[in-house]
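Here is how the chains run, residue by residue.
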Amino acid sequence: MPRTAITRGTTSPAGTAAADPAVTTPPGLVPVLAACGIVVSLVQTMIAPLLPELPALTHSSSANVSWLLTTTLLTGAIATPLLGRMGDMYGKKRMLMITLAVLAAGSLTCALSSDLAVLIIGRGLQGAALAVIPLGISILRDELPPARVIGAVALMSSTLGVGAAVGLPVAALIVQGAGWHTMFWACAAFAAVAVLCVHFVVPESGRRSAGQFDFLGALGLATMLTCLMLAINKGGDWGWTAPRTLGLLIGAVAIGLVWGRYELRTPTPMVDLRVSARPAVLLTNLAAFLIGFAFYANALTTAQLVQEPTSTGYGIGATMLVSSLCLLPGGICMALFSPVSARISARHGAKSALALASGVLALGYVVRIFTSGGIAMIIVGATVVSIGTALAYSALPTLIMGSVPVSETGAANGMNTLVRTIGQTVCAAVAVLVLSHVTSTRSGRELPSLAAYLTIFGIAAAVSLAALVATLLIPRRKGEGDPGTGSSTSHRKAAPATTPAGLVRRSAATVGA
């Protein structure tokens, strides 16, 4: 199949692009990277239907089994910014293949054992694969014609939600029909195929960041994140005022202060804090944290809400498979609305797309507050939230790419994914706190009351509105589309090639080259 010639830009000090000799883009690049994103998302969520059964299967307590989730979140949070930075320095394709190979190894580890300690190690290896999303986005920015970048990045970002929505019912079917180890065998096979596809289809970018890898900065970041994520994840079990919880939180702050001072002084930092402190980057990451919280509230509560017994007066008593299918329409809508977000970003700017997404998220939770009495309206509310998530997750990388140098795309997108993950972790802690304290006793059992779920929806709506405020405060770049003007160059000066509007307006000359 013929390849389309495009012009690839080189990195200038300002992060804009300059013309290079013509290079080619493989026609299967976007589908392969999107498939990798879906595989990663499937792996992250497929264990959920198995959690109620794992204490018996592994002869362990529920508290110990919860480390299967905690470890995955922890390694994902640490690996994402580190592998993103290594991709900028040593090659994005190389790091993508290594990450997928680690995912396959982790899946194989889980498939071969029923011992909890071994399963935790395997899940830790699987968690590192979260870095696939920012690495894929960085490759798309490097390799695609400018006119295709925004749409492809939107698709890549949406795979995180699409895979999660599809993964739950698929996992439930596999567990019920073929045994729980089969689920991990399937994950290992998917990851192995993904490695081969990347090897044969994805080109290695010639762009590299100069300097040496900041190993000390990476160690400091990993230690800080370990303390923070452990405190947030286990604080509910240990007690928020327990010495080890407070010790971890204090340790995270102390290490963060020392790490930040070091990063500001090193010539090639792990995280360029000066770039991260720019209002456009800082506020986008704040919005990402809040969006991550709002998205996860939907994923956490929907399945559990419809599984609550009918004796509660509001529960549906649905099976795990039925409850998982409730999220499937939302996953389909995420795939359908990611290109809508791309078109909004191209015409009006990614800031406008993110503001709309935040409003839709808030609306979705308002719908959920007033329509949680039947399964049909629960699905409607959950789907509206998923649409808002699709619009947001597609716009966030575009905002980040328009605000950082090309040489830092992997690290910057990795940090953006990290803050979303932290938002999800905080959401999980808040949800557990509410569901365990706002309860009612039915048939001798203490269960979450309907008010608990409505409280979570109210909190998520407020967080979505806070994301809207943060988005509106993001400074608009001169080259970015303004409402009503679209991308027409007759109304304003040409945008830098790395801004969203600039990426679109370079299309005619580039594709025709």
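Remember, it's a predicted structure, so these values are computed and weren't measured experimentally.

Calculation notes
- Residues numbered from 1 in each chain as written.
- Predicted model: local features only at pLDDT ≥ 70, side-chain atom pairs only at ≥ 80, totals over all residues.
- Heavy atoms only, no water.
- Helix = DSSP H or I, 4+ residues; strand = E, 2+ residues; numbered from the N terminus.
- Buried < 20%, exposed > 50% of the residue type's maximum accessible area, 1.4 Å probe, protein only.
- Contact = heavy atoms within 4.5 Å.
- Areas by Shrake-Rupley, 256 points an atom, 1.4 Å probe, with all protein chains shown as cover.
- Phe/Tyr/Trp six-rings, centres within 6.5 Å; stacked < 30°, edge-to-face > 60°.
- Lys NZ or Arg CZ within 6 Å of the ring centre and 35° of its normal.
- Axes fitted to C-alpha atoms, helices over the stretch in contact; angles between N-to-C directions.
- Left-handed = near helix turned anticlockwise from the far one by under 90°.
- Nonpolar A, V, L, I, M, F, W, Y, C, P; charged D, E, K, R; others polar.
- Expected span 1.5 Å × (residues − 1).
- Polar contact = N/O pair within 3.5 Å; in protein donor to acceptor, adjacent residues only side chain to side chain.
- Salt bridge = Lys/Arg side-chain N within 4 Å of Asp/Glu carboxyl O.
- Parallel < 35°, antiparallel > 145°, perpendicular 65-115°, else oblique.
- Core = buried A, V, L, I, M, F, W, Y, C linked by side-chain atoms within 4.5 Å.
- Bend = angle between axes of the 7 residues up to and from the residue.
- Patch = residues over 30% accessible without salt bridge, like charges linked within 9 Å, V, L, I, M, F, W, Y side chains within 5 Å.
- pLDDT = per-residue confidence, 0-100.
- Disulfide = S-S within 2.5 Å.

Scanning the protein from terminus to terminus reveals 21 helices and 4 strands. The buried share among the 513 residues of the protein stands at 57%. For the protein, the share of sequence-separated contacts (at least 6 apart) that also reach a separation of at least 24 residues comes to 76%. For the protein, the exposed surface amounts to about 19400 Å²; the carbon and sulfur share of it is 70%.

Another point: the packing of aromatic side chains. As enumerated under the stated definition, the model contains 7 aromatic pairs in all. Both rings, one in Y90 and one in F213, keep their centres 6.4 Å apart while their planes meet at 40°; by these two values the pair is tilted. Residue Y90 is located in helix α4 (residues 67–90), and its partner F213 is located in the loop between α9 (180–201) and α10 (215–238); the two are separated by 123 residues in the primary sequence. When the centroid spacing of 6.4 Å and the interplanar angle of 45° are considered together, the rings of F295 and Y296 count as tilted. An aromatic cluster is defined as three or more aromatic residues linked by ring pairs; in this entry it consists of Y90, F213 and F215. For the cation-ring pair, R420 lies above Y393, with the distance from its terminal atom to the ring centre recorded as 4.5 Å.

The N-to-C vectors of helix α1 (residues 29–45) and helix α5 (residues 92–111) enclose an angle of 35°; their axes lie 12 Å apart at closest approach. Two packed elements cross with a definite hand, and for α1 against α5 that hand is left-handed. Across the interface between the two elements, L33, C36, V39, V40 and V43 from α1 touch L96, L100 and L103 from α5. The residue inventory of the contact of α1 with α5, partitioned by class, reads 8 nonpolar, no polar and no charged.

The next thing to look at is helix α6 (residues 116–127). Given a rise of 1.5 Å per residue, 12 residues ought to cover 16 Å, and the 16 Å separating the end C-alpha atoms of α6 matches this to within 8%. Of all the residues in α6, the buried ones are L116, L119, G122, R123, G124, Q126 and G127. Check the buried side of α6 and you find it contacts α1, α2 (54–58), α3 (62–65), α4, α5 and α9. Capping of α6 at its N-terminal end is provided by D115; its side-chain oxygen lies 3.2 Å from the backbone amide nitrogen of A117.

To continue, consider the side chain of S352. Turning to its location among the elements, S352 is positioned in helix α16 (residues 350–370). A distance of 3.2 Å separates a polar side-chain atom of S352 from the backbone oxygen of H348. In contact with S352, other than residues within four places in its own chain, are I344 and R476.

With respect to the element layout, P339 can be found in helix α15 (residues 328–348). Residues P339 and A152 lie 187 residues apart in sequence; the distance between their C-alpha atoms is 8.3 Å.

Quick look at the pattern of salt bridges now. Enumeration over the complete set of coordinates arrives at 3 salt bridges. Among the salt bridges present, the one from D142 reaches K92, with a minimum N-O distance of 2.9 Å. On the criterion of sequence distance, the pair formed by D142 in helix α7 (residues 132–143) and K92 in helix α5 is long-range, its members being 50 residues apart. Within the structure, one salt-bridge network assembled from shared partners comprises D88, K92 and D142.

Glancing now at the packing of α1 against α9. Contact geometry for α1 and α9: axes closest at 10 Å, N-to-C directions at 155°. The angle between α1 and α9 falls in the class roughly antiparallel. Every pair of crossing elements has a handedness; the one defined by α1 and α9 is left-handed. Contacts between α1 and α9 pair L29, V32, C36, V39 and V43 from the former with C187, F190, A191, A194, C197, V198 and V201 from the latter. When its residues are assigned to classes, the contact of α1 with α9 shows 12 nonpolar, no polar and no charged.

A separate point is the nonpolar core. Ranked by internal contacts, the top residues of the largest apolar core, which has 102 residues, are L100, L140 and L354. In terms of nonpolar packing, the next biggest core, distinct from the first, is built from 23 residues, I78, L82, L248 and V271 among them.

On to the environment of A303, then. Positionally, A303 belongs in helix α13 (residues 279–307). Along the chain, A303 and L321 lie 18 residues apart, while their C-alpha atoms are 9.3 Å from each other.

Time to look at the side chain of T417. If you trace the backbone, T417 turns up in helix α18 (residues 409–437). Residue classification places T417 among the buried positions, given a relative accessible area of 5%. For T417, the contacting residues outside a window of four places in its chain are T80, L130 and P134.

Moving on: α4. When the terminal C-alpha atoms of α4 are compared, their 32 Å separation across 24 residues agrees well with the 34 Å that a helix rising 1.5 Å per residue should span. The principal kink in α4, of about 30°, is found at A79, preceding the proline P81 by one to four residues. Across the 24 residues of α4, 18 count as buried, placing the element largely inside the fold. At the exit of α4 stands G91, carrying a positive phi of roughly 115°.

So, about unusual backbone geometry. Positive phi, normally seen in glycine, also occurs at H59, with a value near 55°. As for its position among the elements, H59 is in the loop between α2 and α3.

Another aspect to go through is a nonpolar patch on the surface. A contiguous nonpolar patch, built from L108, L112 and W185 and spanning about 320 Å² of accessible area, is present on the exposed surface. The residue L108 is located in helix α5 in this model.

A few words now on the confidence of the model for the protein. Mean pLDDT for the protein: 82, with 88% of residues reaching 70 or above. Considering only residues more than four positions removed or in separate chains, one finds that residues 1–22, a stretch of pLDDT under 50, has 55 contacts. Considering only residues more than four positions removed or in separate chains, one finds that residues 481–513, a stretch of pLDDT under 50, has 80 contacts.

Glancing now at the environment of A466. Residue placement: A466 occurs in helix α19 (residues 450–472). A residue is classified by how much of its surface remains accessible, and A466, at 33% relative accessible area, is partly exposed.

Moving on to the state of the cysteines. Scanning the entire structure with this criterion turns up 0 disulfides. Here C36 stays unpaired: no disulfide links it, and the sulfur of C197, its closest cysteine neighbor, is 7.1 Å away.

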